[in-house]
Number of protein chains: 2
Amino acid sequence: MTKNDEFPLQQFLPYLLNQAAEESSLEFQQVYKNRYGMLRTEWRVLFHLGIYGRMTAKEIGERSKMHKTKISRAVQRLAERRFLTRDQDEKDRRLEHLELTTAGQAAYRDLRGVAERYDVKLSATLTPEENRVLRQALVKLARMSPDA
Amino acid sequence: MTKNDEFPLQQFLPYLLNQAAEESSLEFQQVYKNRYGMLRTEWRVLFHLGIYGRMTAKEIGERSKMHKTKISRAVQRLAERRFLTRDQDEKDRRLEHLELTTAGQAAYRDLRGVAERYDVKLSATLTPEENRVLRQALVKLARMSPDA
DNA sequence: AGTTAATGGTTGATTTTGTAACTAACAACA
DNA sequence: TGTTGTTAGTTACAAAATCAACCATTAACT
């Protein structure tokens, strides 16, 4: 009783996207986890600060679409480990400007290198067309602006 | 001090894939969560049984790449809610054959309809080329066989 | 048969996430 | 000034995922 023609689960986009996302994240995850004890939210915050420089938790939330509690906890852990500093805004004391420490910048540069090489490796499994169209389609699905 | 040219985070495949996966899963998640109180692992198990019929937890794990503890707990919850039955194999008493109940089949058919319509909706935001190439590339990245 | 290894599946402890309620600060406006 | 509403960020508690250790059973090998 093999009735495998009922629904193409492997073609269902949310399923397919999750499978591909999980699988393609594994190797990079090993690195930021083993090398710096970071979680996914933490490398994301780290990268935002590394790329865009000094910014507030709110701004990170707007760019990354992560929930503010995730960001709050990631910032806490990164601050404990001295990867970033928190600096209260003088005019609006609700705001905290976050900035990478030297150690944070070093970790960022290191992981950025890993990410760059890993992305090249992943891209190599796809044709040029697949690479181009894939990224384009993903951006649409994530409803993100292509640059940002 | 805006130094946003350092690393194209939005082009980093694991990041992009996760963003797209999360975003594109939200709407479907609302349905299986609100309508049946299911978790992601649970609808996945339900679908596997709905599509392929009677099978064991191990077989589900091989197809879905979910960890066995996730599957074990999903099966428990689905069994409690009478969406599936567990039937011990006579020859190898370690094995349990799982099968959807009538209620489980009804839930599967309902959710499958939702999934089909949702997939059409998602596809509609992409061009035909994007749809074709996207799925093709995702299958490669997920290291899955296209049909299954 | 008896011992050891491997397998299918479960459980418990810990970590991580999600949700909602919360605090402190600011804004708007009477 | 006082009241009400927002906003940035935190915290508390429940829900869920992770990881390793664990049974029970079967397989493999002597």
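Remember, it's a predicted structure, so these values are computed and weren't measured experimentally. (Residues numbered from 1 in each chain as written. Chains lettered and ligands numbered in written order. Predicted model: local features only at pLDDT ≥ 70, side-chain atom pairs only at ≥ 80, totals over all residues. Heavy atoms only, no water.)

K.L.:
In this structure, what is going on with the sheet that holds strand β1 (residues 55–56) of chain B? I would like to understand it.
P.N.:
Residue and element names in this part refer to chain B. Within the open sheet, the three strands sit side by side as β1-β3-β2. Their pairing is antiparallel. With partners counted over all chains shown, the strands left at the sheet margins are β1 and β2 (84–88), one partner each. In the sheet, β2 pairs with strand β3 (residues 96–100) via five bridges, with the strands oriented antiparallel. By the bridge assignment for β3, Gln88 is matched with Glu96. Strand contacts of helix α2 (residues 40–52): β1, β2 and β3, with the helix running at about 85° to β3, the strand carrying the most contacts. (Pairing = 2+ DSSP bridges. Helix = DSSP H or I, 4+ residues; strand = E, 2+ residues; numbered from the N terminus. Contact = heavy atoms within 4.5 Å. Axes fitted to C-alpha atoms, helices over the stretch in contact; angles between N-to-C directions.)

K.L.:
Help me out: how do you make sense of the pairing of β3(B) in this one?
P.N.:
The side chains of a regular strand alternate, residue by residue, between the two faces of the sheet. In this sheet, β3(B) lies alongside β1(B) in antiparallel orientation, the contact comprising two bridges. If you follow Thr56(B) over to β3(B), its bridge partner there is His97(B).

K.L.:
Please explain the packing of helix α1 (residues 13–36) of chain A against helix α1 (residues 13–36) of chain B as it appears in this structure.
P.N.:
The angle between the axes and the distance between the axes are what describe a pair of packed helices. The geometry of α1(A) relative to α1(B) is characterised by a closest axis approach of 8 Å and an angle of 150° between their N-to-C directions. One finds that α1(A) runs roughly antiparallel with respect to α1(B). Two packed elements cross with a definite hand, and for α1(A) against α1(B) that hand is left-handed. Of the residues in α1(B), those touching α1(A) at Pro14(A), Leu17(A), Asn18(A), Ala20(A), Ala21(A), Ser24(A) and Ser25(A) are Pro14(B), Leu17(B), Asn18(B), Ala20(B), Ala21(B), Ser24(B) and Ser25(B). Residue classes in the contact of α1(A) with α1(B) are distributed as eight nonpolar, six polar and no charged. (Parallel < 35°, antiparallel > 145°, perpendicular 65-115°, else oblique. Left-handed = near helix turned anticlockwise from the far one by under 90°. Nonpolar A, V, L, I, M, F, W, Y, C, P; charged D, E, K, R; others polar.)

K.L.:
Please explain the protein's contact with DNA strand C as it appears in this structure.
P.N.:
Around DNA strand C sit 22 residues in total, of which Lys70(A), Arg73(A), Arg93(A), Lys58(B) and Arg86(B) are the nearest. When atoms of DNA strand C within 4 Å of the protein are split into backbone and base, the sugar-phosphate part holds 59%. In the model, a phosphate oxygen of DNA strand C is placed 2.7 Å from a nitrogen or oxygen of the Arg93(A) main chain. Arg94(B) places a polar side-chain atom, nitrogen or oxygen, 2.8 Å from a base oxygen of DNA strand C. Sorting the residues of the surface near DNA strand C by element identifies α4 (68–80) of chain A together with α3 (57–64) and α4 (68–80) of chain B as the ones contributing at least two each. Considering every element that reaches the surface near DNA strand C, the biggest residue donor is α4(B), with five residues. The class makeup of the residues in the surface near DNA strand C is three nonpolar, five polar and 14 charged. (Near = heavy atom within 4 Å. Polar contact = N/O pair within 3.5 Å; in protein donor to acceptor, adjacent residues only side chain to side chain.)

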